[in-house]
Amino acid sequence: MTNLLNVRYLTGFTGTNGAAIVTPEERLFFTDFRYVEQARGQVPDFERIEASRDMLDGLAKRLRGRAGFDDEHLSVATHRKLTEKLPDGVELMPAGGIVERLRAVKDEGEIAAMSAAAELATAAYHSLREGGLAGRTEREVAIELVRFMEDEGAEAPSFPPIVAAGAHGAQPHAVPRDIEIPRDTLVVIDMGAMVDGYCSDCTRTIATGSLADDVLEVYELVRRAQVDALGAAVAGAECKAVDAVARELIDAAGHEEHFGHGLGHGVGLEVHEAPRLGKTAEGSLEAGNAVTIEPGVYLPGEFGVRIEDLAIVTEGEPRILTGFPKGLVTVD
């Protein structure tokens, strides 16, 4: 196991060079000289082995029989080099996705970290009421949101914030520009914080003044689709069926071509991880999954609306971690 987030999940190690071998009989952790002391404190439950920077010699010496490797992350070149070093009788078998499936179900410690991260993002949204939006550039607002979250205790943002006003909001993954936000428009703001390595993710669409009736209708459509889909996100629900709850409402309103992404995704050590909610998604939700519910409608050349919550799946109503209001908020 060489993917650093998977290594962190299994061992607790937060450095930038590590690998692990886990079998029924032993748990081995490998790192180079730079991280030996760090690993002594972070990885007490594994046998710690100092290795070269690429760690391949050390790994090869300890593999036995049929050994599963993370084929979703190990490069072809590294696989070839490792294979050349293996002792006789060792066979590498693809085994990618095993740790990711474990990571998809969060324990209370992970949920607590994500809750703290979500609270920081919620506070950042509230801070916009003081600073305002109209007359400031998208990039200025994005920078201020990051600074606020870090000042309040976030390790970092979980991704670069999206701040997109007016027609720019019709781009789902818009990049903030050095262009002033006008009055009487919608601004899509998507951001999250990171606490103890765990991410949050939240989107709100905020008004900067009065809006036309057709714009308000689209906002209400997305809000209703989001609330209904959120209620469907229970343990045992098929991932594609949860997506369909929001999609059918939006399609029926004539906006099928304006909602082109999936309904949501898992969040944890990464801001995008399993499970996935979409038209072609496989599998069902499990209690403990942390997922986003984020339908949107994007009208090219006009505006976009997206509303997103981060929620923990349970046997009943989901536990919503994001706290900023979903009713239309005006910040001028």
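Residues numbered from 1 in each chain as written. Predicted model: local features only at pLDDT ≥ 70, side-chain atom pairs only at ≥ 80, totals over all residues. Heavy atoms only, no water.

Undergrad: Explain the sheet that holds strand β10 (residues 198-199) to me, using residue names and the numbers behind them.
TA: Adjacent strands of a sheet form backbone hydrogen bonds with each other and so pair up, either parallel or antiparallel. Strand order in the open sheet made by the three strands is β6-β9-β10, with antiparallel pairing throughout. Each of the sheet's edge strands pairs with one partner strand only, and the pair in question is β6 (156-157) and β10. Strand direction decides the pairing type here: strand β9 (residues 193-195) and β10, joined by two bridges, are antiparallel. Bridge pairing in β10 links V195 to Y198. Against the sheet, helix α6 (residues 108-131) contacts β9 and β10, and its axis sits at roughly 145° relative to β9. (Pairing = 2+ DSSP bridges. Helix = DSSP H or I, 4+ residues; strand = E, 2+ residues; numbered from the N terminus. Contact = heavy atoms within 4.5 Å. Axes fitted to C-alpha atoms, helices over the stretch in contact; angles between N-to-C directions.)

Undergrad: Account for the environment of G209, with residues named and values stated.
TA: Assignment of secondary structure puts G209 in the loop between β11 (202-207) and α8 (213-232). Residues G209 and V234, 25 residues apart in the sequence, show an inter-C-alpha distance of 36 Å. Discounting chain neighbours no more than four positions away, the residues touching G209 are D184 and T330.

Undergrad: I'd like to hear about the environment of K85, residue by residue, with values.
TA: Locating K85 in the fold gives a position in helix α4 (residues 76-85). Placed 25 residues apart in sequence, K85 and A60 show a C-alpha to C-alpha distance of 6.0 Å. Look past the residues within four positions of K85 in its chain and what remains in contact with it is L56, D57 and A60. At a separation of 3.1 Å, a polar atom in the side chain of K85 contacts the side chain of D57. (Polar contact = N/O pair within 3.5 Å; in protein donor to acceptor, adjacent residues only side chain to side chain.)

Undergrad: Explain the sheet that holds β11 residue by residue, including any values.
TA: With respect to topology, three strands assemble into an open sheet ordered β7-β8-β11, the strand pairing being antiparallel. Every other strand in the sheet has two partners, leaving β7 (162-165) and β11 as the edge strands with one partner each. Strand after strand, the sheet turns through a mean of 15° between neighbouring axes, direction not considered. Both β7 and strand β8 (residues 186-191) contribute to a ladder of four bridges, which runs antiparallel. From the neighbouring strand, I162 faces β8, where its bridge partner is D190.

Undergrad: Lay out the pairing of strand β13 (residues 273-277) with the relevant residues and their values.
TA: Across three bridges, the pairing between strand β12 (residues 264-266) and β13 is antiparallel. Across the sheet, residue H265 finds its bridge partner in β13, namely R276. Hairpin connection, β12 to β13: the antiparallel pair is bridged by six residues.

Undergrad: Account for the pattern of salt bridges, naming residues and giving values.
TA: Under the defined criterion, the tally for this structure stands at 19 salt bridges. Of the charged contacts in the structure, one is a salt bridge between K85 and D57, with a shortest N-O distance of 3.1 Å. Of this pair, K85 sits in helix α4 while D57 sits in helix α3 (residues 56-62), placing them 28 residues apart in sequence. Look at K85 and you get partly exposed, because its relative accessible area is 37%. In this structure, E220 engages R223 in a salt bridge whose closest nitrogen and oxygen atoms are separated by 2.6 Å. Taken together, the residues span about one helical turn, with E220 and R223 both in helix α8 at a distance of three residues. Take R223: its relative accessible area is 26%, and that puts it in the partly exposed class. Linked by salt bridges that have partners in common, R103, K106, E270 and E273 make up one network. (Salt bridge = Lys/Arg side-chain N within 4 Å of Asp/Glu carboxyl O. Buried < 20%, exposed > 50% of the residue type's maximum accessible area, 1.4 Å probe, protein only.)

Undergrad: If you had to explain the packing of α8 against helix α9 (residues 239-252) to someone new, which residues and values would you point to?
TA: The N-to-C vectors of α8 and α9 enclose an angle of 160°; their axes lie 8 Å apart at closest approach. As summarised for this structure, α8 and α9 are arranged roughly antiparallel, according to the angle between their axes. α9 is crossed by α8, and the crossing has right-handed handedness. Contacts between α8 and α9 involve L221, R224, A225, D228, A229 and A232 on the former and, on the latter, V242, V245, A246, L249 and I250. In the contact of α8 with α9, the residues fall into nine nonpolar, no polar and two charged. (Parallel < 35°, antiparallel > 145°, perpendicular 65-115°, else oblique. Left-handed = near helix turned anticlockwise from the far one by under 90°. Nonpolar A, V, L, I, M, F, W, Y, C, P; charged D, E, K, R; others polar.)

Undergrad: Quick rundown of the packing of aromatic side chains? Include the residues and the values.
TA: Following the criterion strictly, the structure yields three aromatic pairs and no others. The rings of F13, F29 and Y35 are connected pair by pair, giving a single aromatic cluster. In this structure, R247 is placed above the aromatic ring of F259, and the distance from its NZ or CZ to the ring centre is 4.1 Å. (Phe/Tyr/Trp six-rings, centres within 6.5 Å; stacked < 30°, edge-to-face > 60°. Lys NZ or Arg CZ within 6 Å of the ring centre and 35° of its normal.)

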